[in-house]
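Below are the chains, spelled out letter by letter.
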Amino acid sequence: MTKTVYGNTRGLKKVDLDLLQGIYELAIDKNMIISLEIAQIMAVISSSNQRELVVFMDRQGRVASVGVGDAATVQLKAQSRRRGEHRLAGLRCIHTHPSGSGQLSAVDYAALYDMRLDVMVALGVQDGKIKEACLACLEPRDGQLTQNFQNFGPMSFAQLAAFPLTALIQDIEDSIKPPAAVSTSKTRQIEKAILVTIAGEDTLDELALLADTAGATPVARVTQHRKKPDTAFFIGRGKVEELALHRQSLGAELVIFDDELTPTQARNLEHAIGCRIVDRTTLILDIFAQRARTKEGKLQVELAQLRYLLPRLTGLGTALSRLGGGIGTRGPGETKLETDRRHIRRRIDELTNALEQVRRHRQQQRQNRRESASPVVALVGYTNAGKSTLLNALTQAQVYTANQLFATLDTTTRRLQLPGNREVLLTDTVGFIRKLPHHLVKAFRATLEEVIEADLLLHVVDASHAGLAEQIAAVEAVLKELGVQDKHTILVFNKIDQPVNHQLLEQVKLSYHCQFVEVSAHTGTGLEQLKELIAQNTLHQQRLLKGRLPYDRTDLVALLHQHGKVYSEKYGPEGIQVEAAVDECYWAALAPYLKT
Ligand SMILES: Nc1nc2c(ncn2[C@@H]2O[C@H](COP(=O)(O)OP(=O)(O)OP(=O)(O)O)[C@@H](O)[C@H]2O)c(=O)[nH]1
Ligand SMILES: [Mg+2]
């Protein structure tokens, strides 16, 4: 049996750590909640260090784990739902509050429910002494374990020591009905979520879509207009209390914020609201994790998730969220995310190396393509704008498309025939979104290099979307982050078959100084015009050549006619004088006959 003292033990004296480790050896009477000896060790170390301490014990009176931090912060490998969510775990948690108060906090209740503990006990300690104790347990409703609790205390330690624990557990277990037979098909757990923003209410429409994509059902929306987020709680403190009550009454398991939260904000909120807090970045990363299919995609998502998670690990947030699974805890392909710091660091190194190899391989592929081939045109745009549908319509590719966010995570490239015997390579890639997590952009660099190295970008816009101007701006922001804001771009207004706000569309067109075209990937409207524009805009790849070709190289004349544009062609005594524009890839063959 391991004797690890879990949680953040930094700053504890060796003697204290030894004492804590020693707790593992102390057996107690199994009918007692905790022995005086263990409680005293906890009280002394907790109050002298002003840190919470936690001990988990099983029903035989054995110490299952000891940790620094509260119930949720401590690694709970042994404790997590080992007997399923419809039964009690057979473990109790006793922890200290160095504030002296034995009152249980929202986070204590959340841990009690999430881990289905037998009981949760808080010891209020001060000056090395136990001041009071409070105890809570789950109170089944209709035979099910729900977030309803029974409370006992505050009481003295003597009262706690005499508490009829076995009878209480028996009572609870007697009133739990065995769960109804569950259907064998694997149904995804739907979580009820409250959405929160400090910007306009309309930003929550998109957050609701994201939540839905990730497998949560939004049950309420909370808006608080603020210029700047509160440093401690992101929203105002009064609003936090309101939210905590609201959450309880709705029975929501999750609160989702439409912004990135700092580790401190996430921790404070979790404490105050007593449920899992997920921010926009975690949500998007979670969707990517569920969607990643290819090896490369999976590597990239995992890397982004771990980089985001690492600085947040000290927060109890992540620990709490790890207890029950759900959004923010999933890695690519149904696996759980690693939560051990050292392992994370090692895994980040492994992933970075693996991705560097992918990147080199792709670079080589691109190099090969360049040597033989045509200009590369990349489809970029907001998620769900219709990029993949457009690729399919233009090239008869069979890329997956769907009315959902982030349908595409991988790159697909197809040949596209253009008027005038020209050909380009058209690449579809991952869609962008407002506030696309920085870590994700960084991790997806290998995939997005297709965009970085493209000769022309087609920025696909959903013309029927009310927020089209914001969506264009968001895409531009990501392009800037990739350093390609100055790349030649055509705005492609797609879904023109849908009702469109023409006034808005005209305004948008006026504010961008680039070429644009209106199309419908569904009906085919405007696709010929789009191809024409692509042809014109990749023509700069062609160079105007002047030279004299010998009569035994009429094959080169034929090549110019077939692949380029011939401006003049004069047959003289010494050869054929030509002026033509032709793609880069043919220059080498023509070089010996060119005038410089
Ligand atoms: N009405 C209409 N719907 C379209 C058109 N083009 C695409 N759609 C629909 O828009 C939805 C999104 O299309 P996708 O091609 O998957 O969009 P995407 O830009 O590739 O999205 P991501 O891969 O998620 O970034 C699908 O339901 C398409 O059927 C169009 O021209 N008209
Ligand atoms: Mg797509």
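Per an unreviewed UniProt entry, the protein carries the name GTPase HflX and comes from Desulfoscipio gibsoniae DSM 7213. The protein has a UniProt comment under Function (unreviewed entry) that states "GTPase that associates with the 50S ribosomal subunit and may have a role during protein synthesis or ribosome biogenesis." The protein has a UniProt comment under Sequence similarities (unreviewed entry) that states "Belongs to the TRAFAC class OBG-HflX-like GTPase superfamily. HflX GTPase family."

1. A few points about the coordination of the magnesium ion (ligand 2)
Looking at the magnesium ion (ligand 2), the protein donor atoms are Ser-388 (OG) and Thr-408 (OG1), and they sit 1.9 to 2.1 Å from it. You can see Ser-388 sitting in helix H13 (residues 387-395) and its partner Thr-408 sitting in the loop between H13 and strand S13 (412-418), a full 20 residues away along the chain. For Ser-388, a relative accessible area of 7% corresponds to the buried category. Taking the relative accessible area as the measure of exposure, Thr-408 reaches 12% and is therefore buried.

2. Comments concerning the UniProt feature "coiled-coil region" (unreviewed entry) in the protein
This chain's UniProt record puts "coiled-coil region" (unreviewed entry) on residues 341-368. For residues 341-368, the helix share is 100%, the strand share is 0%, and the end-to-end C-alpha distance is 41 Å.

3. Quick word on the environment of Ile-198
Following the sequence through the fold, Ile-198 ends up in the loop between strand S8 (191-197) and helix H6 (203-214). You can call Ile-198 buried: its relative accessible area is 11%. For the pair Ile-198 and Lys-228, spaced 30 residues apart in sequence, the C-alpha to C-alpha distance is 8.4 Å.

4. Brief notes about the site of ligand 1
Around ligand 1 sit 24 residues in total, of which Lys-387, Thr-389, Ala-407, Thr-408 and Asp-497 are the nearest. Within the side chain of Ser-388, a nitrogen or oxygen atom sits 2.8 Å from an oxygen atom of ligand 1. Between ligand 1 and Ala-407, the relevant distance is 2.7 Å, taken from an oxygen atom to a main-chain nitrogen or oxygen of the residue. Looking at the shell around ligand 1 element by element, the count peaks at three residues for H13. The class makeup of the residues in the shell around ligand 1 is seven nonpolar, 14 polar and three charged.

5. What to know about the packing of aromatic side chains
Under the defined criterion, the tally for this structure stands at seven aromatic pairs. Between Tyr-109 and Phe-149 the ring centres are 4.8 Å apart and the planes differ by 45 degrees, which places this aromatic pair in the tilted class. Placement of the pair is Tyr-109 in helix H3 (residues 106-114) and Phe-149 in strand S7 (residues 149-155), with a sequence separation of 40 residues. Each of the two residues, Tyr-109 as well as Phe-149, counts as buried. Positioned over the ring face of Tyr-113 is Arg-116, at 4.1 Å from the centre of the ring.

6. A word on the pairing of strand S2 (residues 53-58)
Put simply, side chains in a regular strand alternate between the two faces of the sheet. Judged by how many residues are buried, S2 sits mostly within the fold: six of six residues are covered. Residues Leu-53, Val-55 and Met-57 point to one face of S2 and Val-54, Phe-56 and Asp-58 to the other, with burial holding for every one of them. One ladder, built from five bridges, connects S2 with strand S3 (residues 63-68); its direction is antiparallel. Across the sheet, Val-54 pairs through a bridge with Gly-67, a residue of S3. Connecting S2 to the antiparallel partner S3 that follows it, the hairpin turn spans four residues, and Gly-61 within it adopts a positive phi of roughly 85 degrees. Here S2 pairs with strand S4 (residues 91-97) via five bridges, running antiparallel. Residue pairing for S4: Val-54 is matched across the bridge by His-95.

7. Brief notes about the sheet that holds S13
Spatial ordering of the open sheet is given by S13-S14-S12-S15-S16-S17, a layout of six strands whose pairing is mixed. The sheet is open, and its two borders are formed by S13 and strand S17 (515-518), each paired with just one other strand. Going from strand to strand, the sheet's axes swing by 25 degrees on average, the running direction of each strand aside. Both strand S15 (residues 456-462) and strand S16 (residues 489-494) contribute to a ladder of six bridges, which runs parallel. Directly across from Leu-458, in S16, lies its bridge partner Ile-490. Against the sheet, helix H15 (residues 445-452) touches strand S12 (376-381), S13, strand S14 (422-428) and S15, its axis set at about 115 degrees to S12.

Conventions and cut-offs
- Residues numbered from 1 in each chain as written.
- Chains lettered and ligands numbered in written order.
- Predicted model: local features only at pLDDT ≥ 70, side-chain atom pairs only at ≥ 80, totals over all residues.
- Heavy atoms only, no water.
- UniProt positions renumbered as here; feature names shortened; annotations may be inferred.
- Donors = N, O, S within 2.8 Å, 3.2 Å for Na, K, Ca; no water.
- Helix = DSSP H or I, 4+ residues; strand = E, 2+ residues; numbered from the N terminus.
- Buried < 20%, exposed > 50% of the residue type's maximum accessible area, 1.4 Å probe, protein only.
- Near = heavy atom within 4 Å.
- Polar contact = N/O pair within 3.5 Å; in protein donor to acceptor, adjacent residues only side chain to side chain.
- Nonpolar A, V, L, I, M, F, W, Y, C, P; charged D, E, K, R; others polar.
- Phe/Tyr/Trp six-rings, centres within 6.5 Å; stacked < 30°, edge-to-face > 60°.
- Lys NZ or Arg CZ within 6 Å of the ring centre and 35° of its normal.
- Pairing = 2+ DSSP bridges.
- Axes fitted to C-alpha atoms, helices over the stretch in contact; angles between N-to-C directions.
- Contact = heavy atoms within 4.5 Å.

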